[in-house]
Amino acid sequence: DMSKFEGVSTEIGSAMKSVGEVMGIGRTLEESLQKALRMVDPSVAGFQPKNRFETMAALRKELEVPTDKRIFAIAQALHEKTMTVQEIHDITKIDHWFLRRLEDIVKVWDDLETITLDQMSDDQMLTAKKMGYSDVQIAECLGGNSTEDDVRAKRIAGGILPFNKQIDTLAAEYPAETNYLYMTYHGMENDVKPADGGVIVLGSGAYRIGSSIEFDWCGVSCIRTLRHLGYKSTMINYNPETVSTDYDECDRLYFEELSKERVLDIYHRDKSDGVIVSVGGQIPNGLAIPLDKAGVKILGTTAKMIDNAEDRNKFSDMIDEIGVQQPAWRELTTSQDALDFAAKVGYPVLVRPSYVLSGAAMNVAYNDDQLRACLEEAATVSKEHPVVISDFIEGAVEIECDGVGKDGELIAAAIHEHIENAGVHSGDASLVLPPHTLSAYTKERVREAARKIVKRLDITGPVNIQFVAKGTDVMCIECNVRASRSFPFVSKTMGVDFIEAATKAIVGEDTSNMNLPTLETRDRPNGFVGVKVPMFSFARLRGSDPVLGVEMASTGEVACFGASKEEAFLKALLSTGFKMPEKKILVSVQEELIDEFTHSAYQLHELGYTLVATEATAKALAKNRVPCEVVAYPTDTSGARTAVDMIRDEEIGMVINIPTHQSKRLNDNFQMRRSAVDFGTPLLTNLNLVKMFADSVYLHKKEGLTGLEPTTLFEHYAAEKDSDAWTSPTEFH
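Residues numbered from 1 in each chain as written. Predicted model: local features only at pLDDT ≥ 70, side-chain atom pairs only at ≥ 80, totals over all residues. Heavy atoms only, no water.

Some words on the environment of Met646
Part 1 of the reasoning: Position of Met646 among the secondary structure elements: in helix H23 (residues 643–648).
Part 2 of the reasoning: The class for Met646 is buried, based on a relative accessible area of 6%.
Part 3 of the reasoning: In this structure the C-alpha to C-alpha distance between Met646 and Val612, which are 34 residues apart in sequence, comes to 9.7 Å.
Part 4 of the reasoning: When near neighbours in sequence (up to four residues on either side) are disregarded, Met646 contacts Lys584, Val612, Val631, Arg641, Glu651 and Ile652. (Helix = DSSP H or I, 4+ residues; strand = E, 2+ residues; numbered from the N terminus. Buried < 20%, exposed > 50% of the residue type's maximum accessible area, 1.4 Å probe, protein only. Contact = heavy atoms within 4.5 Å.)

Next up, the structure:
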């Protein structure tokens, strides 16, 4: 996921940078590798070139220096015959055995390129499938205009079907009677008989930015609920890190691709009763339409309604139709249309592709040049689906409603708000439940809109609706007809499993005894507040800019409860590894935000912190009568000590750097942020977060908050008296 970060080094080496992994299982390296490549990203067809290197110099550099794209450089060299296996080995030092297997994959491609589907023999089809080629790949490779469905039809007509095989969990010492399965074309028979019914649940795939453990939690909750209700459950997933790929969790586990081809193979072989696509995130959700067209029974909200929510154009049309307020918008047809729209509504504007995860290629543009660049990126990511451009509401509060629908009625709901204003992706935002700053009017507008949207989409199952509010405007900006990444947090804070309720709704079971919170519920959670904050991996991504935007960047999250939002927030923040500052605080804030920032700056000063500010910020703070020291910008050449010098010398306990699109000192700001990350100094880059931090620390210092001085288990044991221990001093615990 390094493409999400601006300026990051893509080189891979001894320091881990990946956020997830996949496991492709087959009976040959060729079959397993092609599977695994597709598992990493649905946009990857297999072992073939991607984002072609235009010159030999660029290709050689990619081979010489390992990056996350090296495998595609090898594919290009072999496919285009620009290098031999020996030459690739000399550059990469990859063993000949592996390179020869890759060459064998390419030889099959070369053979298929010369024929059409009608000319293709059953032997050629079987050979291609044994080499790990998908139906999509074969259709792309063959001459003529054959499609995936054409290839599938010919393959099935020739009796070429994959066999299901068991993973031997007993090291071949005893016969393995296991439900741990994979599919392969290398075989003579199936290891297990068809399941003859049951419900298939599609998992979340690889952990990546935007789709991580939260969706695995949803998948596991779903299959556990199904089994508890007496349904046979089948999980399809390929992530070895997950609980959902523990074969004890379901009746059948297929460690397989989340693709139309593979789901159809399993669905028809096991004569399944239906497929649940709404608990695994965006990848399963994106399969709803193709699976539905292929005759698969989608359980829960219909594929047509999922498409109405995911397709930006259809959704915006629908929102207008039912009378729910939304920002001004237009479907993108040409770049000139987008520029005309921006001129009409005024900058900034938001560019939003359809069917994407974690805000991929979603961007805010502040001028014509930025807009042109955003449009180009969005069109690349969302080739088959519309791109919508809309007015971006600055200074708005972002609100979410997580819920469960049943036949178009919300049977469970929870409204929570973001601490950061709109413009920070929901996956990177800090969430507060129950909301603390929303007026009764705003919350009622959210409830009213949520009812209308759920009814219009006839939702049965999980749903997440996002709003922005400013003044009396409460506008819907997005609806995900699936579980969202906040479902685990909401479920644990509200004290009831929203996915259990969604699963029961999907299969038509009763939920009346679950004590679900609804839109009318006003007293949950009662007596405490839950706050969820993001966890970032900027320290591992050398060169990346640790500033937040509309595209998600966090790789994890932490949630804590407290008696107040300040207590819960501070607990959660400290749980991410954030250290309470004990030294000076470096501040550099864009001029337009200084007046707002002054209140927080004075709070920190009153608490005894020494503020050190860059020149322009120091001047503005002095004008507002907030004491501070002045430090030179990182690029200062006068010989004076700079902000980066102070961070490097460990004189700074926290860095507050808040840029805007109007910032001129981009390099100085970047150097301060990056130095804070590189030297392990706590960093805040959002004004609302700074306000919440200052308020929380002020409350903690003046009144005392509970649970802000946690100890490790080892520290607890060291301080524990022998009389209080439940084990003897020498006993392992």
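Following the structure, the description resumes.
Quick look at the state of the cysteines
Part 1 of the reasoning: Applying the stated criterion to the full structure yields 0 disulfides.
Part 2 of the reasoning: The closest cysteine sulfur to the non-disulfide-bonded Cys250 is located on Cys222, 11 Å from its own sulfur.
Part 3 of the reasoning: Here Cys479 stays unpaired: no disulfide links it, and the sulfur of Cys476, its closest cysteine neighbor, is 6.5 Å away. (Disulfide = S-S within 2.5 Å.)

Comments concerning the packing of aromatic side chains
Part 1 of the reasoning: Using the criterion set out here, one finds 7 aromatic pairs in the structure.
Part 2 of the reasoning: Relative to Tyr133, the ring of Trp109 lies with its centre 6.4 Å away and its plane at 35°, an arrangement referred to as tilted. Of the two residues, Trp109 is situated in helix H5 (residues 96–112) and Tyr133 in the loop between helix H6 (122–130) and helix H7 (135–141); the sequence distance between them amounts to 24 residues.
Part 3 of the reasoning: On the basis of relative accessible area, Trp109 is assigned to the buried category, the value being 10%.
Part 4 of the reasoning: Their ring planes at 50° and their centres at 4.9 Å tell us that Phe528 and Phe561 sit as a pair that is tilted. Linking Phe528 in the loop between helix H19 (498–506) and strand E16 (529–535) with Phe561 in strand E17 (residues 556–562), this pair joins segments that are 33 residues apart in sequence.
Part 5 of the reasoning: Among the residues examined, Phe528 registers a relative accessible area of 27% and is labelled partly exposed. (Phe/Tyr/Trp six-rings, centres within 6.5 Å; stacked < 30°, edge-to-face > 60°.)

A few points about the sheet that holds strand E19 (residues 611–614)
Part 1 of the reasoning: One open sheet holds the 5 strands; their spatial order is E20-E19-E18-E21-E22, and the pairing between them is parallel. Only two strands of the sheet have a single neighbouring strand rather than two, namely strand E20 (629–631) and strand E22 (683–684).
Part 2 of the reasoning: Examined bridge by bridge, E19 and E20 share 3 bridges and lie parallel to one another. Residue pairing across strands places Ala613 opposite Val630, the latter belonging to E20.
Part 3 of the reasoning: Sheet strands touched by helix H22 (residues 615–623): strand E18 (584–589), E19 and E20. Its angle to E19, the strand with the most contacts, is close to 120°.
Part 4 of the reasoning: Along the sheet face, helix H25 (residues 687–703) touches strand E21 (652–658) and E22 and points at about 140° away from the line of E21. (Pairing = 2+ DSSP bridges. Axes fitted to C-alpha atoms, helices over the stretch in contact; angles between N-to-C directions.)

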